[in-house]
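Residue-level structural notes
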Amino acid sequence: MHMANELLSLPVAGGTLVIAGGVLGLICKKAKQVITSEKLALMGILGAFIFAAQMVNFRLPAMPGTSGHMVGAVLLAIILGPHAAAIVISSVIIVQCLIFQDGGLLALGCNIINMAFVPAYVGYYLYRIAAARSFSNLRTYIGVMLACLIGIETCAVLVPIEATLSGVLMVPFSTFLITMTGVHFLVGIVEGIVTVAVLAYIQQVRPDIVADNLCGKVRLSKRAVLATFAVFTIIIGAGLSLLASRMPDGLEWSYAERPDQPNFKPIVSNNDSRITVIDRLQSKYSLMPDYSVRSNGENENSQASVGWTSFAGVFGSITTMAVIWLIAWILRRNNPRTIIAQ
Amino acid sequence: MAKAIEIKSFSYKYPDGTVALNDINLSIEEKQKVVLIGPNGAGKSTLMLAMAGFAKGEGEIIVNGLKVEKKNLKKIRTVIGCCFENPDDQLFMPTLFDDVAFGPLNMGLDIEQVKIRVAQALRTVGMETMAEKAPHHLSAGQKRAAAIATILSMSPEIIALDEPDGSLDPRNREKLVVLLKNLPQTLVIATCNMNFAAALGDRAVLMDKGRIIADGDAKKIMFDAKLMTEYGLESPAMVV
Amino acid sequence: MAKAIEIKSFSYKYPDGTVALNDINLSIEEKQKVVLIGPNGAGKSTLMLAMAGFAKGEGEIIVNGLKVEKKNLKKIRTVIGCCFENPDDQLFMPTLFDDVAFGPLNMGLDIEQVKIRVAQALRTVGMETMAEKAPHHLSAGQKRAAAIATILSMSPEIIALDEPDGSLDPRNREKLVVLLKNLPQTLVIATCNMNFAAALGDRAVLMDKGRIIADGDAKKIMFDAKLMTEYGLESPAMVV
Amino acid sequence: MHHAHIDKFAYQDSPIHRLDARVKFIATVIFTAVVISLPRTSFAILFCYAIGPFAVLVLGRIPLKFVFKHILLVSPFVLILALSCPLYDKTPVKIAFGPSAFQTTVGWMRCCAICGKFVVTMLALIALVSTTRFSNLLVGLGKLGVPKLLIIQLGFLYRYIFVLIDTAQHILQARAGRTLRNLGFNQEIKTASAMLGSLFIRSIDTAEQINIAMQGRGFNGSWRTISRLKISSNDYIFGVFFAVFVISLYFFAVSILN
Ligand SMILES: Nc1ncnc2c1ncn2[C@@H]1O[C@H](COP(=O)(O)OP(=O)(O)OP(=O)(O)O)[C@@H](O)[C@H]1O
Ligand SMILES: Nc1ncnc2c1ncn2[C@@H]1O[C@H](COP(=O)(O)OP(=O)(O)OP(=O)(O)O)[C@@H](O)[C@H]1O
Ligand SMILES: [Mg+2]
Ligand SMILES: [Mg+2]
């Protein structure tokens, strides 16, 4: 789920970073009026809670490709309100990047937009709409489920969009999209269940801490669970049949190039006009020019000289690194200072 | 007598490199009451974790004839019941009853039997009126008692308690001493309160810096003033 | 002598209905060292909270001549420094330095003065080399000392500590006794460890069930075996 | 409480550790930007860029084994996506490398470039994080204009992640100690939600205690800290080295490419 630097191009990374930074600045300014000093510690601790909750979660159905902090976004938005939640989750993402090196430094913008802003705001407002002023169990329950599911799916849609805009990956947009939304559908359901469970617990023991009071009572009644499963079976069934009809599209990559049929025209390749346009845009706003890949037979001579330059580059670098290491080793041996590692 | 626990040159290192246990050799007979004493950071808690199979290190630990390793863990945990340092961590269900019933239910007992066991365990620690309370509404001492009840209800053959006397007032502590003294099971108790240790144990194991420093008769070790001061402890003031 | 704290028929009820303090009358003189003793759930911690204005109940509390009420709270909190039970909750900044500097900075002192105070407070508790450490790198005893330093750096006229001896081994506890005994300020300490209480206090206040049972010379109260046993405590074994 | 192993190297001392957090942070951002904007099919230049973070790691006395273990730990998502490249772009290319030349596809070249860039930017990030105390990084970020509210949040997070992770682990241990057979799905869910709930309540209680502690020390809404960051001559030297390194490599790369 965490975008890495390498899957983004500089313009996309920079752009999202600026957007995320700007929005975050605005939110912070705005939130200053809403957030009382008593709430500061609560926000920080709830952020840490999301980290810790991942550990407890591991027994639940496996969630491939996601990090558990997704589980928190909607929950926090409901408890703290969307602004504070956006700030808390952004800080969770920054800590994941800076302490656990999960997600790249330049990809922070993308990650914050995908995993903090979108689930917090989309999720919160969906929840409010679905559960507004209704005191029925079921509606709140469905509101939370919908908020989690759609919040996460939106974020699952954003990842392939950003990647395609960047043009680094060759995976066709549709394939990437289908995979991501498929996987995150399951994740969303699990997230919904967990969120409802925690909310139900809070409702029981500490109803006072929720930002503007839960709408209705959240309780995992048997009927509600059954109803959800019924709805999801229908959705999954419908989704599957839809997917099946679009299969050739989704799987086109497997015969994008067919050696057994020399005349086969790949449907998707980098000849795709959209991708070429993006590519051109890319190289224009990149710091360095992209060089066109020289295909077979073209200008053997220049190819060879490039070969030697890159050879020199690689070996020169490796030698330099070895020398640096050696010098450091010798210095350290002659001057064994105690390391204050704790 | 049969051996309840046998530890053979066991060492354990935390992921950050701290050597918490260093070549531990210890064997505990059945029905013995052993107190683990030592200053803060000696490795008492870590040794408890290792006995229950939560700390996989070098060397061998054998509990009731079963080697502590992945495939035996389930069985070993029916044999040894551990109650760790912080009672808050021990109580994770919504009510005290659920918490005490959690173990017996998992043992596959039927409901009637579970209920009997829960009632018994709660009565033993004097909490029978609080079964329906939420654990986070209990006072510190009550939480401690409840945590011990969660172990008693499983009636394991070996009971291991880490600082069961922490944050208890003298009366509750004394109650605990009486309770523990009368238990028929093998008992391993870690504490740095010497009065409590002296009241409980027949045998004392003094640890420091991950090693066993002394092992033998509880009175003899604990009244060795020189030894105790050297390791930052004190002799018990009186035998309660 | 001037009164440091005066409590006049103060009562407090938790939101769930538990009456934790019931008609408390207490007055503490300046520079007195008072220990609050009592069994689990007596109301010691709640009384500490009330003194610092965190538990608004019926009755009156006057700290250094100031009535505890909303408009005085800021001033009162520069006068009384409270350190509650769990040191992990007391140390909330990324480094020890920031933590110890937090109070003085909020008092509006200038940076140079803050630095001097931090250095002094850390030296007093023997942690001057650890200023740049993150609290999660400290041991339990070090955390305890650090939590006390965060209070000392504000040099409040009254220092209130809740179970400062918890989870310390005898050596570390003794260090703490020496440190606290040498503080010039008014001291209010809650504990249910009688040895610790006897070593520290001139005056003891015995509480149970939210009431004050006895109040007077520490030695006299604590060696009154009948009284102590009645309220679930014990006489201290020796004066350290 | 004892997860020192995640950031233990940040507490060492070395010339690199003594550099100002801001300088290191900005350098890392620029370096990452330059590396990800490298051509998507070039691999050799990455090696040259790797020299930078490598030198910093070595000077900062960070064990390389630790670094690579960490990179492996966070790589799966990128790796999967990178490995999909060869499936989609099978335009054949011939690559010359020194004396030898071989046939491959653009997809593979891209895959290698993505993985290579991943490793190099990770090296840079780890070099930053393991030579800079998080507290100093926070102060630095604050000075660079990151909103205070966010800095406060980051501080709390850093402080309490370890506490709560420990708590979660303890709860899990307590549960394992009393779980003697496979529970049914229902029971599993019920227990998990009870555990999450109890963890949650503990978190809230902690927050309340912290709030009391903060107010007890005179906190009234404005967050004050002392900055102990100072730009020294060492920082200028590092800056010059960094600039020379990046700029000269840039011209080197451009000259290769054209
Ligand atoms: N999770 C951990 N990671 C790293 N080191 C740890 C961890 N837990 C404990 N340690 C270290 O291992 C050593 C032994 O710790 P342990 O908790 O076993 O001591 P103890 O005897 O129980 O002390 P106490 O009386 O304070 O409970 C100590 O030096 C401690 O700092
Ligand atoms: N948050 C709370 N909600 C309801 N009741 C509480 C709460 N905290 C404490 N109590 C109750 O108030 C009473 C006094 O508690 P307090 O914490 O002041 O006791 P104490 O003397 O500090 O005990 P200990 O020695 O265990 O620390 C107890 O009966 C306790 O159960
Ligand atoms: Mg221990
Ligand atoms: Mg208390």
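Structure: above.
Residues numbered from 1 in each chain as written. Chains lettered and ligands numbered in written order. Predicted model: local features only at pLDDT ≥ 70, side-chain atom pairs only at ≥ 80, totals over all residues. Heavy atoms only, no water.

All names here are of chain C. A sheet is described by the order of its strands in space; here six strands give the open sequence 6-7-8-3-9-10, paired in mixed fashion. The open sheet has two edge strands, strand 6 (80–83) and strand 10 (211–217), and neither has a second partner. Shown here is a sheet whose adjacent strand axes are inclined to one another by a mean of 15 degrees, direction ignored. Sheet topology places strand 9 (residues 203–208) next to strand 10; six bridges connect them, and they run antiparallel. The residue bridging Arg203 from the neighbouring strand is Asp217, located in strand 10. Sitting on the sheet, helix 1 (residues 44–51) is in contact with strand 3 (33–37), strand 6, strand 7 (158–162), strand 8 (186–190) and strand 9, with an inclination near 145 degrees to strand 8. (Pairing = 2+ DSSP bridges. Helix = DSSP H or I, 4+ residues; strand = E, 2+ residues; numbered from the N terminus. Axes fitted to C-alpha atoms, helices over the stretch in contact; angles between N-to-C directions. Contact = heavy atoms within 4.5 Å.)

Attention now goes to a positive patch on the surface. Taken together, the side chains of Lys29 and Lys32 of chain A, Lys74 of chain C together with Lys148 and Arg224 of chain D make up a positively charged region of the molecular surface. Tracing the backbone shows Lys148 of chain D in helix 9 (residues 148–177). On the basis of relative accessibility, which here comes to 47%, the residue Lys148 of chain D falls in the partly exposed class. (Patch = residues over 30% accessible without salt bridge, like charges linked within 9 Å, V, L, I, M, F, W, Y side chains within 5 Å. Areas by Shrake-Rupley, 256 points an atom, 1.4 Å probe, with all protein chains shown as cover. Salt bridge = Lys/Arg side-chain N within 4 Å of Asp/Glu carboxyl O. Lys, Arg positive; Asp, Glu negative; His and termini not counted. Charge placed at Lys NZ, Arg CZ, Asp CG, Glu CD. Buried < 20%, exposed > 50% of the residue type's maximum accessible area, 1.4 Å probe, protein only.)

Our focus in this paragraph is the relation of the copies chain C and chain B. When chain C is brought onto chain B, the operation consists of a screw motion whose angular component is 175 degrees and whose axial shift is 0.5 Å, with 0.6 Å RMSD remaining. On this basis, the relationship between the two copies can be described by a two-fold rotation axis. A share of 95% of interface residues in chain C that are also interface residues in chain B marks the association as one of identical surfaces. (Least-squares fit on C-alpha atoms with pLDDT ≥ 70 in both.)

Each partner contributes to the interface: chain C provides 19 residues, whereas chain B provides 20 residues. For the pair chain C and chain B, the summed buried area comes to about 1,600 Å², and 48% of that belongs to carbon and sulfur atoms. Sorting the residues of chain C by area buried against chain B places Asn40, Asp169 and Pro170 of chain C first, and these three jointly supply 31% of that buried surface. Here chain C and chain B share zero salt bridges between them. Between the two partners, chain C and chain B, sit four residue pairs in polar contact (both at pLDDT 80 or more). Here the side of chain C that touches chain B gets four residues from one element, more than from any other, and that element is helix 7 (residues 170–181) of chain C. Residue composition of the side of chain C that touches chain B, grouped by class: eight nonpolar, six polar and five charged. (Buried area = accessible area lost by both parts, 1.4 Å probe. Polar contact = N/O pair within 3.5 Å; in protein donor to acceptor, adjacent residues only side chain to side chain. Nonpolar A, V, L, I, M, F, W, Y, C, P; charged D, E, K, R; others polar.)

Residue and element names in this part refer to chain B. Judged from the seven bridges that link them, strand 1 (residues 3–13) and strand 2 (residues 19–29) form a sheet pairing that is antiparallel. Within strand 2, the residue paired with Phe10 across the bridge is Ile24. Between strand 1 and strand 2, which pair antiparallel and follow one another directly, the connecting turn spans five residues, one of which, Gly17, has a positive phi of 105 degrees.

A few words on helix 1 (residues 10–34) of chain A. In a regular helix each residue adds 1.5 Å, so 25 residues correspond to 36 Å; helix 1 of chain A covers 35 Å between its end C-alpha atoms and thus fits that length. Those residues of helix 1 of chain A that fall on the buried side of the exposure criterion are Leu10, Val12, Ala13, Thr16, Ala20, Leu24, Ile27, Cys28 and Ala31 of chain A. (Expected span 1.5 Å × (residues − 1).)

For the rest of this paragraph, the subject is the sheet that holds strand 4 (residues 58–63) of chain B. The strand order across the open sheet built from four strands is 2-1-4-5 (chain B), with neighbouring strands paired in antiparallel fashion. At either end of the open sheet lies a strand with only one pairing partner, and these are strand 2 and strand 5 (66–67) of chain B.

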